[in-house]
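Here's the letter readout for the chains.
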Amino acid sequence: MNVFDYVRPASVAEAVAAASEGDAAFLAGGTNLLDLMKAGASHPARLVDITRLPGLDDIEFAADGTIRIGALVKNSDLARDAAFLAAAPAVAEALLAGASPQLRNAATIGGNLMQRTRCAYFYDPHSACNRREAGAGCDARGGDTRNHAVLGWTDACIATHPSDLCVPLVALDAVVEIAGPGGTREVALEVFHALPGETSAAETALLPGELITAVRLPAEAATFAPNARYLKLRERTSYAFALVSAAAALRIEDGRILEARLALGGVAAKPWRARDAERLLAGAAPTPEAFRRAADAALDGAHPSGDNAEKIELAARVAARALALAAAGTPERMPALPGSVFAPAGVNANGGSVHG
Amino acid sequence: MAETLEFPTGHVRLGSNAGQPLTRRDGMLKVTGAATYAADNRPAGLLHAVYAVSAIARGRVTFLDVAAAKAHPGVVEVITPANRPPLARNPDEKAHGFSWRIEALQNDGVRYAGQPIAVVVAETLEAANEGARLLAPRYEVEPARIGHDRGEVFDPPVVGVGAEPNLTKGDAEVGHRAAAHHVDVDIETPLHYHNALEPHAIVAEWHGDRLTLDVPNQAIAIARSDFAGFFGVPAENVELRSPFIGGGFGSKAILNGPQVLCILAARMTNRPVKLVLRRDQMFGPVGHRGGTRQRLSLGVDEGGHLTVIEHHAQSTTSSFDDFLEPAANASHNLYASPAILTRHTGVRIDTGTPGPMRAPGEASGSAALECAMDEAAEAAGLDPLEFRMRNYAETDPATGRPFSSKALRQCYAEGAKQFGWAGRPLAPRQMRDEAGHLVGWGVGSSLFPNPMFQAEARAVLRADGTGLVEISAVEMGQGALTALAQIAADGLGIDVDKLEFRAGSSELPDGGIAGGSGHTATAGNAIFAAGSDAMGRLADIATQDPASPLFGAGNAGVVARGGRLHRADDESRSEPYTAILDRAGLDHVEGHGSGARNPADAEDYAMFSHGVVFAEVKVDPELYQVRVSRLVGAFAAGRIINPRLAKSQLTGGMIWGLGFALHEEGVHDPRTGRPMNADFAGYHVPVNADAPSVEAFLVEEDDRHVNALGIKGVGEIGITGSVGAIANAVWHATGVRVHRFPIHIEALLR
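Thresholds applied
- Residues numbered from 1 in each chain as written.
- Chains lettered and ligands numbered in written order.
- Predicted model: local features only at pLDDT ≥ 70, side-chain atom pairs only at ≥ 80, totals over all residues.
- Heavy atoms only, no water.
- Helix = DSSP H or I, 4+ residues; strand = E, 2+ residues; numbered from the N terminus.
- Rg over C-alpha atoms; globule rule 2.2 N^0.38 Å.
- Buried < 20%, exposed > 50% of the residue type's maximum accessible area, 1.4 Å probe, protein only.
- Contact = heavy atoms within 4.5 Å.
- Areas by Shrake-Rupley, 256 points an atom, 1.4 Å probe, with all protein chains shown as cover.
- Lys, Arg positive; Asp, Glu negative; His and termini not counted.
- Charge placed at Lys NZ, Arg CZ, Asp CG, Glu CD.
- Axes fitted to C-alpha atoms, helices over the stretch in contact; angles between N-to-C directions.
- Parallel < 35°, antiparallel > 145°, perpendicular 65-115°, else oblique.
- Left-handed = near helix turned anticlockwise from the far one by under 90°.
- Nonpolar A, V, L, I, M, F, W, Y, C, P; charged D, E, K, R; others polar.
- Buried area = accessible area lost by both parts, 1.4 Å probe.
- Salt bridge = Lys/Arg side-chain N within 4 Å of Asp/Glu carboxyl O.
- Polar contact = N/O pair within 3.5 Å; in protein donor to acceptor, adjacent residues only side chain to side chain.
- Disulfide = S-S within 2.5 Å.
- Core = buried A, V, L, I, M, F, W, Y, C linked by side-chain atoms within 4.5 Å.
- Domains from an automatic or database assignment.
- UniProt positions renumbered as here; feature names shortened; annotations may be inferred.
- Expected span 1.5 Å × (residues − 1).
- Pairing = 2+ DSSP bridges.
- Phe/Tyr/Trp six-rings, centres within 6.5 Å; stacked < 30°, edge-to-face > 60°.
- pLDDT = per-residue confidence, 0-100.

The subject of this paragraph is the overall build of chain A. In terms of helices and strands, chain A carries 12 helices and 12 strands. The C-alpha atoms of chain A give a radius of gyration of 20 Å, which matches the 21 Å a tight globule of 356 residues would have. Looking at chain A as a whole, 56% of its 356 residues are labelled buried. For chain A, the share of sequence-separated contacts (at least 6 apart) that also reach a separation of at least 24 residues comes to 63%. Carbon together with sulfur atoms contributes 52% to the accessible area of chain A, which is approximately 13,600 Å² in total.

This brings us to the overall build of chain B. When its secondary structure is counted, chain B shows 16 helices and 30 strands. The C-alpha atoms of chain B give 27 Å as radius of gyration, which agrees with the globular expectation for 750 residues (27 Å, within 12%). Taken along the three principal axes of its C-alpha coordinates, chain B extends 85 × 75 × 50 Å. Within the span of chain B, comprising 750 residues, buried residues form 63% of the whole. For chain B, long-range pairs separated by at least 24 residues make up 80% of all intrachain contacts whose partners lie at least 6 apart in sequence. In the structure as shown, chain B presents an accessible area of about 25,000 Å², 50% of it carried by carbon and sulfur atoms. Between the centroid of the 67 positive side chains of chain B and the centroid of its 89 negative side chains there is a distance of 2 Å.

Quick look at the packing of helix α14 (residues 643-662) of chain B against helix α15 (residues 722-734) of chain B now. Residue and element names in this part refer to chain B. The contact between α14 and α15 brings their axes to 8 Å, and the two run at 50°. In terms of axis orientation, α14 runs oblique to α15. Here α14 and α15 pass one another in a crossing that is right-handed. Counting all contacts with α14, which are made through Met654, Gly657, Leu658, Phe660, Ala661 and Leu662, the residues of α15 involved are Ser722, Val723 and Ile726. Per-class residue counts for the contact of α14 with α15 are seven nonpolar, two polar and no charged.

Now for the interface of chain A and chain B. In this complex, chain A contributes 36 residues to the contact, which on the side of chain B involves 38 residues. When the two sides are added together, the surface that chain A and chain B hide from each other amounts to roughly 3,300 Å², 58% of it contributed by carbon and sulfur. The tally of links from chain A across to chain B stands at four salt bridges. Linking Asp124 of chain A and Arg674 of chain B is a salt bridge whose minimum nitrogen-to-oxygen distance equals 2.7 Å. Taken together, the links from chain A to chain B amount to 21 residue pairs in polar contact (both at pLDDT 80 or more). Within the residue set of the side of chain A that touches chain B, elements represented by two or more residues are α8 (120-123), β9 (228-233) and α12 (310-328) of chain A. Top element by residues in the side of chain A that touches chain B is α12 of chain A. It accounts for six residues. In terms of residue class, the side of chain A that touches chain B is built from 14 nonpolar, nine polar and 13 charged.

For the rest of this paragraph, the subject is the state of the cysteines. All names here are of chain A. The tally for this structure, following the rule as stated, stands at zero disulfides over all chains. Counting only cysteine sulfurs, Cys138 is the nearest neighbor of Cys157, a cysteine outside any disulfide, at a range of 5.9 Å. By relative accessible area, which is 5% here, Cys157 ends up buried.

Counting residues in hydrophobic clusters, the biggest one holds 133 residues, and the most contacted among them are Val267 and Leu299 of chain A together with Val617, Ile726 and Phe741 of chain B. In terms of residues, this core owes the most to one element, α12 of chain A, which gives 11 residues. When neighbours within four sequence positions are excluded, Leu299 of chain A is seen to be in contact with Leu151, Leu264, Ile312, Ala315 and Ala316 of chain A. Counting residues in hydrophobic clusters, the runner-up holds 50 residues, among them Val496, Ala553, Val589 and Leu645 of chain B.

Quick look at the domain arrangement of chain B now. Residue and element names in this part refer to chain B. Parsing chain B into structural domains produces domain 1 (5-35 + 454-596), domain 2 (38-142 + 194-282) and domain 3 (292-451 + 603-748). Distance from the C-alpha centre of domain 1 to the C-alpha centre of domain 2: 39 Å. Residue-level contacts link 19 residues of domain 1 with 18 residues of domain 2. With both chains or domains summed, domain 1 and domain 2 bury close to 1,300 Å², and 60% of this area falls on carbon and sulfur atoms. Ranking the residues of domain 1 by area buried against domain 2 places Met476, Ser506 and Ile513 at the top, with a combined share of 36%. For the interface between domain 1 and domain 2, the tally reads one salt bridge. A salt bridge links Arg224 to Glu507; its shortest N-O distance comes to 3.7 Å.

Using the residue numbers shown here, the UniProt feature "domain: Aldehyde oxidase/xanthine dehydrogenase a/b hammerhead" (unreviewed entry) corresponds to residues 32-143 of chain B. Split by type, residues 32-143 of chain B is 14% helix and 27% strand. Its first and last C-alpha atoms lie 49 Å apart.

When their charged atoms lie close together, side chains carrying opposite charge are able to pair. Summed over all chains, the structure comprises 77 salt bridges over all chains. A salt bridge links Arg146 of chain A to Glu746 of chain B, with the nearest nitrogen and oxygen atoms 2.8 Å apart. In this pair, Arg146 of chain A is assigned in the loop between α8 and α9 (166-171) and Glu746 of chain B in helix α16 (residues 745-748), connecting two distinct chains. Judged by relative accessible area, Glu746 of chain B falls into the buried class, the value being 18%. For Glu210 of chain A, the salt bridge is made with Arg185 of chain A, and the minimal N-O distance between the two is 2.7 Å.

Moving on, we come to helix α10 (residues 480-492) of chain B. Between its terminal C-alpha atoms α10 of chain B stretches 18 Å, which fits the 18 Å expected from 13 residues at 1.5 Å a residue. Counting buried positions over the 13 residues of α10 of chain B gives 13, a clear majority of the element.

On to the sheet that holds strand β26 (residues 570-576) of chain B. All names here are of chain B. Taking strand neighbours across the sheet as the criterion, the three strands line up as β24-β25-β26 in an open arrangement whose pairing is antiparallel. Edge positions in the sheet fall to β24 (558-561) and β26, since each of these pairs with one other strand and no more. When strand polarity is set aside, the average angle formed by the axes of neighbouring strands in this sheet is 30°. The strands touched by helix α11 (residues 519-543) within the sheet are β24 and β25 (564-567), with β25 carrying the most contacts at an inclination of about 65°.

Moving on: unusual backbone geometry. All names here are of chain B. With an omega of -5°, the peptide bond running from Phe741 to Pro742 counts as cis. Even without being a glycine, Leu105 presents a positive backbone phi close to 60°. Of note, Leu105 is situated in the loop between β5 (75-79) and β6 (109-110).

All names here are of chain B. An order of β5-β7-β3-β15-β12-β13-β14 is seen for the seven strands of this open sheet, with the pairing classed as mixed. Taken across any chain shown, the strands that pair with only one partner, and hence form the sheet edges, are β5 and β14 (238-241). Strand-to-strand twist of the sheet, defined as the mean angle between neighbouring strand axes without regard to direction, takes the value 20°. In this sheet, strand β15 (residues 273-276) lies alongside strand β3 (residues 47-53) in parallel orientation, the contact comprising three bridges. From the neighbouring strand, Leu47 faces β15, where its bridge partner is Val273. Across the sheet, helix α3 (residues 125-134) lies against β3, β5 and β7 (116-122), angled at about 25° from β3, the strand it touches most. Against the sheet, helix α6 (residues 257-269) engages β3, β5, β7, β12 (201-207), β13 (210-214) and β15, with an angle of about 35° to β12.

Take the packing of aromatic side chains next. One pass over the structure, following the stated rule, counts 17 aromatic pairs over all chains. Ring plane angle 80° and centroid distance 5.9 Å describe the contact between Phe122 of chain A and Tyr123 of chain A, whose orientation is recorded as edge-to-face. The burial state of Phe122 of chain A is the same as that of Tyr123 of chain A; both residues are buried. With a centroid separation of 4.7 Å and an interplanar angle of 35°, the aromatic rings of Tyr193 of chain B and Phe283 of chain B are classed as tilted. Of this pair, Tyr193 of chain B sits in the loop between β11 (181-189) and β12 while Phe283 of chain B sits in the loop between β15 and β16 (292-300), and the two are 90 residues apart along the sequence. Members of the aromatic cluster, joined through ring pairs, are Phe419, Trp421, Trp441 and Phe614 of chain B.

With that out of the way, let us pick up the confidence of the model for chain A. Summing up the model confidence of chain A, the mean pLDDT is 94 and the portion of residues at 70 or higher is 96%. Low confidence marks residues 348-356 of chain A, where pLDDT is under 50. Its contacts with residues over four positions away, or in another chain, come to 17 contacts.

Right, let's talk about the pairing of strand β11 (residues 256-265) of chain A for a bit. Residue and element names in this part refer to chain A. With respect to burial, β11 is a largely interior element, seven of its 10 residues being buried. Direction of pairing for strand β10 (residues 244-253) relative to β11: antiparallel, over a ladder of nine bridges. Considered in β11, the bridge of Arg251 is made with Glu259. Between β10 and β11, which follow one another and run antiparallel, lie two residues, and Asp254 among them has a positive phi close to 50°. Direction of pairing for β11 relative to strand β12 (residues 272-273): antiparallel, over a ladder of two bridges. Looking at β12, one finds that Ala263 is bridged to Arg273.

Given below as structure tokens:
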């Protein structure tokens, strides 16, 4: 039976201690873990319920401009926080482009980083999956691969990371604050998620017992606020994972890009920071040609992991479009269809009703 | 449309309650959670059954760890082919024309992934789940056959439910020779799974040889008789209760293996047992829409008239039974052509057996036909609506019979006006919105037949002036409890608020099948006839009573309305029902009626609901994401009992068509045959944000032949036309014809 211990620690220290032995998993919103347990894809021996830990659900704006988001802040609360929206609009847009209202009300920021791939072969306990069992093989290869990786994959694993939130976060140099048996430490989000190796073992930088306590955005993140967008390509307007997505943020002065940030979602086992693209854009004029060159650089080295070659071109176009949208300016109000191709573009965009 | 309709006896008229846009009578129960669905039943001593599913698509089960499952605390019984008691009917026997082979642990064979291979019965759902997991089956695996190219192709004796597989009308060769333009279109549609929000669920309880069942069911009388047949008891020993269905779509019209296994578990344990399918279990033993591969060859002459329609449809079915999506039949009755040739083949693959799924055949066939018609219009250089009107069928193309009624021309006009079709550029890629998105407009004709089944009803007028009508009709979200009550109230000549309407139980008169978009027509005619019968009896009493102001009017000389009988020739002379019954010393009068098609009309007329759907799509010119920004439909479907509910059905059908065009797709792994998107995160149906503007307009139609009340049907027609309209609009926006549904971004990418 799925027999497991359930503990509800009163402090972060207790939580870390409870999760340090055996095969434990932290339970927050539960929007992914419970599904995985029901599907038989995850079998933790102990659930450490962290939902009532004190002090992890604040959004703090430090004097130096740093934003610290407690790990238990709900997706919906963060997205609708006015100060956060003003400072990090692309992050808010990504949050609202994700899941459904019900899920956003339950899901937490820390949990979002820890969600597992949506690869159907990972969920199916009868399929071989190196993520579930290192060395077992990968039945996604040769299977239905429309949603699979085109960057950073190996024969061991072609899965993608499904998060919307992580895409702008990684573009904006977010840092993950971690408490563990050895004390606290920090890891840049860019290196928090692991690409698959030969056998696809560790998925994140977390060591046994370690708990995400907060995600921090550096002060400079807000300097991109006037020109920051998230764009998510998908066939259903809501409650669908991205076929591909991109977060783009620009600092533009006197018709030149001072600094660019670009990350892609739905293309790799991690949110894919496109640093080569960013370098190409620094100092360039914000033109469609420059954006396309940058987008091509972002997809440099991409190759299909199955019947998904079109995804490479699509990802390049989504990246170029996200950059163009960012250059056009962050809308004054959140679009009615956040992150959508059909959201109005530009600073004067009308955030009217979904039925407009 | 006539304001009122006199029924044969003349005592009752339809049109006081019927025709009104009443809100749902059961709405409050549903929004407050008080409506009881099958799985809500928890009889004392209830056990829970969970069935283990096969992880392979073909082969046999070689081992089940029954000992481990039995040893799990709470597990009461484990049923496998080794200990399964005999059934009175062989699960592989097809008892009648509406029965299909089921999996009830008759042997260790596996015919598709998701097939039940054992049942664990336990004190709790959790224990049953764990018991099922502990069975840890092992298999002898044979390669799965998935897709049109890997299964055996065959010529089916019938398609759909007993329909002819082939039709030849006229000479196709002559038609092709007469054509100035030729269009060959190959269309592929995927497997669809019904996925009603309420999964299949059943609670079974035996009392000796009497069986009570709480189970959502669209065909109560047939199901009762079939369940009784499997367990060797008379049908009247089975009480089947189905007061509310959380969506059926055809899936809940067909008896399935898990239901029989639950009843069996109840008998083996001598306790009530509940079995509820998990969402992933909905992708296997409970039917689906088979995938199709269709080829249409159309010929068009210089005048823009069709010279030939050839439509070949190949549909997937299981390895062990036949349900062929009768897709090519969609070309029989819509467009005039001197030559029509339709043909079906089947292909056997390792899935469960398909079944009727909302507009079976009509949906996938219309999708292909309307796409081909659009391409033919393009070839002929004609506006696609003009092309359809040039090929308007004044009589049924397949049989030559007149239509019982057909207001399709008015639908075209009304729909085009409401949509604003005029001025549409012929060429694709001509329109943009202010944001620079490509805009396209497309059209598709809608057509759905008007079958009728057999139904019986009982109507009672009580001494206090209230009414009771009983019929085993089925409320499955479509609004039957409301629309049928409106008819019932008119049948008794009372206000609907004074009517008690009982439905959804096998203990009531047989309401027929809630399927084929024929439920309101079938049950409605029975109900109205029953009311009319009761009113005839009341009229006898009143007109023979010297104390009545109606005395001497003659039985045919009175009319029932508003709780009173009136003299037909002098409406000022009337008497309330209560007074008539009071004087007669009666506490009620009762009437009985039946509903079925007049066989002569069935011989003489072709009977269809008609309509048209216009779609506007927006497409990103680089990213090719599609948004259906507007859907406008206009439909003529005979007498509309409740315009609010009818529009709800029609717009629901149109949104279903949107899902068909852009979202729905059952994905099976090509190697193992396992469904790989068996949940709502993976199997996409439209959400509200996908359908920002969907409107259905009703076009009046007065049909004196389709049935006595002139009722056609609105349940499925909205799907037809919509799929093609959207695909055609996508072409008009992009210039790309996508021939494989759903239309994916990758297929449009240029």
